[in-house]
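Here is how the chains run, residue by residue.
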Amino acid sequence: MRKNRSAALAAASFLLLSGAAIATAPSAYAGTPGGTHADDRNSDFNGDGYEDVLVGAPGATVSGKKGAGLVTVQYGSSRGIGTTNAARFSQSTSGVAGAAETGDAFGKAVATGDLDGDGYDDAIVGIPGEDIGTTTDAGGVAILWGSKAGLTGAASDWLETQEPTAGEKFGTGVTAAHFTNDTPGDVLAVLDRDDLELFAYDSAPQPASKAPLERRSTSRLSKLADERDIVPMSLTTGDYDNNGFADLVVSGVTAGSEPGHGWSSYLSGHADGLTYERDLRGGPVAASGDINRDGYDDLVTGEPNSPDDGGASMTGGLVGVRLGGPDGPSSDVQWWTQDSPGVPGTAERGDGWGTDLSVADTNGDGYADVAIGAAGEDIGTVADAGAVWVLRGAASGLTATGVQSWDQNSANVPGVPEKGDKWGGQVRLTDPNRDGRFGLLAAAPGENTNDGVVWVFSAGSGGVTASGSWTYGAGSLGAPYADALFGAAIDE
């Protein structure tokens with residue numbers, strides 16, 4: 001619970017920093033530690049050039065408080081990630097604002113970005129169940145600052161919404177990227193039940209109780225989107241128009257007379273800020289990468305719970321691909337289901353195909369591939385055991401040629417399918433050994449009756465391989481593991 005608000009500054013118009021600037025920065029930042037660019041994956045907390053992995057366990061019991069939650073970080077190296085070079089953070093960690101309380105869900109959403117422009121990426125932790133004073137589930141966000149030594153709780157900061165209300169769940173979604181030249185680092189975007197809020201680093205000295213992040217805008221998504229009422233659920237970024245600035249996509253589902261359909265709002269980044277452009281069919285899951293290697297990031301959306309609107313196959317889940325171009329994500333969309341030619345499996349009600357997505361190059365050919373999780377996939381008679389697919393990128397876009405798929409019955413995959421494992425509830429393509437080929441992390445938050453486990457698949461010239469795959473959970477990293485829901489969030 002937090003009793004004092006910090007960084008509660010007056011809201012500006014939604015056009016981020018339009019006509020106003022703080023410390024003007026160049027359009028690209030160079031050097032080691034790494035710079036801030038539109039297409040950075042932003043996951044190097046100690047600046048050594050290797051990707052690190054941030055995992056949320058929002059159900060973890062901390063200091064005796066069930067569901068208080070925690071996050072773990074595993075630092076990358078020439079050997080990839082393991083279970084030894086890791087750290088754990090919660091609201092019981094010295095220096096982290098607040099206190100671990102039942103149901104806080106610290107780590108239900110996670111993201112990274114270099115918020116202060118110092119070359120070290122920072123961890124952003126959503127805490128949507130946080131109580132503010134007597135206001136339940138108002139939500140909050142913790143910032144763990146990166147350094148040469150990695151993340152530390154001692155220097156953490158805290159954000160919350162301006163006027164907390166019960167059930168607002170500030171911190172439901174978080175992301176950060178280089179949207180504009182008018183900030184020294186990445187801009188932080190935070191979702192709550194209704195709103196999108198943007199924060200920028202302020203290098204001026206701050207009072208002890210205030211985070212060095214200035215609120216720059218607040219926008220009600222239902223008013224921002226021109227065409228329909230979208231209930232926001234997630235955020236992703238990518239440079240879809242290749243102008244050197246990241247763009248922002250807010251994904252969710254429709255409300256009103258035709259509820260539950262996936263839609264997203266696209267905002268383009270420019271030197272002077274973000275501008276709302278249009279709404280796009282697809283969501284509430286989204287990820288980005290250059291699938292056809294043309295220099296433009298492409299937008300991939302997942303709709304795991306598509307309403308049955310006449311296309312029975314859609315009830316098993318729907319994935320859409322929009323190629324980027326000078327005007328951003330295309331109006332043309334390529335739809336994929338498990339019934340698409342070449343895709344293993346059959347679309348069935350409740351599969352949840354598109355539960356999570358990740359986009360990166362798994363075989364080093366320069367084309368980004370797409371990992372797709374289906375947490376509701378039944379394996380034989382085992383309900384909701386889950387499965388994962390990787391479809392390949394090509395000059396023409398996404399292709400089923402060379403598609404791969406796995407479940408816990410697949411050769412070389414540890415474990416066995418069990419009811420409610422929800423394998424593929426989170427997927428992340430990551431390159432922690434910096435060899436240019438992105439391996440796969442596949443999480444089963446329901447494994448071991450909601451303890452949660454993550455599977456690690458390496459990648460070679462043929463892409464992701466199950467050979468040599470291994471697993472770990474919160475307990476492997478020295479953290480509380482019982483009902484932790486470890487892997488319920490993995491930074492993209």
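The rules we used
- Counting starts from 1 at the beginning of each chain's written sequence and moves along it residue by residue.
- Per-residue local features of the predicted model are confined to residues with pLDDT of at least 70, and side-chain atom pairs are confined, for both listing and counting, to 80 or more; whole-chain, interface and lining totals are unaffected and use all residues.
- Side-chain numbers come from the whole structure's heavy atoms, not from hydrogens or water.
- Surface patches are defined over residues having more than 30% relative accessible area and no salt bridge, joining like charges when they lie within 9 Å and nonpolar side chains (Val, Leu, Ile, Met, Phe, Trp, Tyr) when within 5 Å.
- Accessible surface area values rest on a Shrake-Rupley calculation with a 1.4 Å probe, where residue burial reflects the displayed protein chains alone.
- Whenever a carboxyl oxygen of Asp or Glu lies within 4 Å of a side-chain nitrogen of Lys or Arg, that contact is scored as a salt bridge.
- In this count, Lys and Arg are taken as positive residues and Asp and Glu as negative ones, while His and the chain termini are left out.
- Taken as the charge centre is NZ of Lys, CZ of Arg, CG of Asp or CD of Glu, depending on the residue.
- Helix and strand labels come from DSSP, where a helix needs a run of H or I of at least four residues and a strand needs a run of E of at least two; each type is numbered from the N terminus.
- Here a strand pair is declared whenever DSSP counts at least two bridges between the two strands.
- Axis definition: a line fit to C-alpha positions, over the contact stretch in the case of helices; interaxial angles, taken between N-to-C directions, run 0 to 180 degrees.
- Exposure categories follow from relative accessible area, calculated using a 1.4 Å probe and restricted to protein chains: below 20% of the type maximum is buried, above 50% is exposed, and the middle band is partly exposed.

As annotated in an unreviewed UniProt entry, the chain carries the name Esterase and is attributed to Streptomyces aureus.

(A) Focus on a negative patch on the surface. Taken together, Asp339, Glu348, Asp378 and Asp384 make up a surface patch of like negative charges. For aspartate 384, the position within the fold is in the loop between β21 (369-374) and β22 (387-394).

(B) Structural detail: the sheet that holds strand β26 (residues 453-460). Spatially, four strands are ordered β24-β25-β26-β27 in an open sheet, and the strand pairing comes out antiparallel. Edge positions in the sheet fall to β24 (426-430) and β27 (463-473), since each of these pairs with one other strand and no more. For this sheet, the mean inter-axis angle between neighbouring strands, taken without regard to orientation, is 20 degrees.

(C) The arrangement of unusual backbone geometry in detail. Cis peptide bonds are those with omega within 30 degrees of zero, and the linkage from glycine 283 to proline 284 qualifies with 10 degrees. Tracing the backbone shows proline 284 in the loop between β15 (273-281) and β16 (285-289). The backbone phi angle of aspartate 137 is positive, close to 55 degrees, even though this residue is not glycine. Here aspartate 137 shows up in the loop between β5 (122-127) and β6 (140-144).

(D) Expanded view of the pattern of salt bridges. Evaluated as defined, the whole model comprises five salt bridges. Residue glutamate 214 pairs with arginine 216 through a salt bridge whose shortest N-O separation is 2.7 Å. The salt bridge involving glutamate 303 is made with arginine 281; its shortest N-O contact spans 2.6 Å. With glutamate 303 in strand β17 (residues 298-303) and arginine 281 in strand β15, the pair connects residues that are 22 residues apart, well separated along the chain. As far as burial versus exposure is concerned, glutamate 303 and arginine 281 are alike and both buried.

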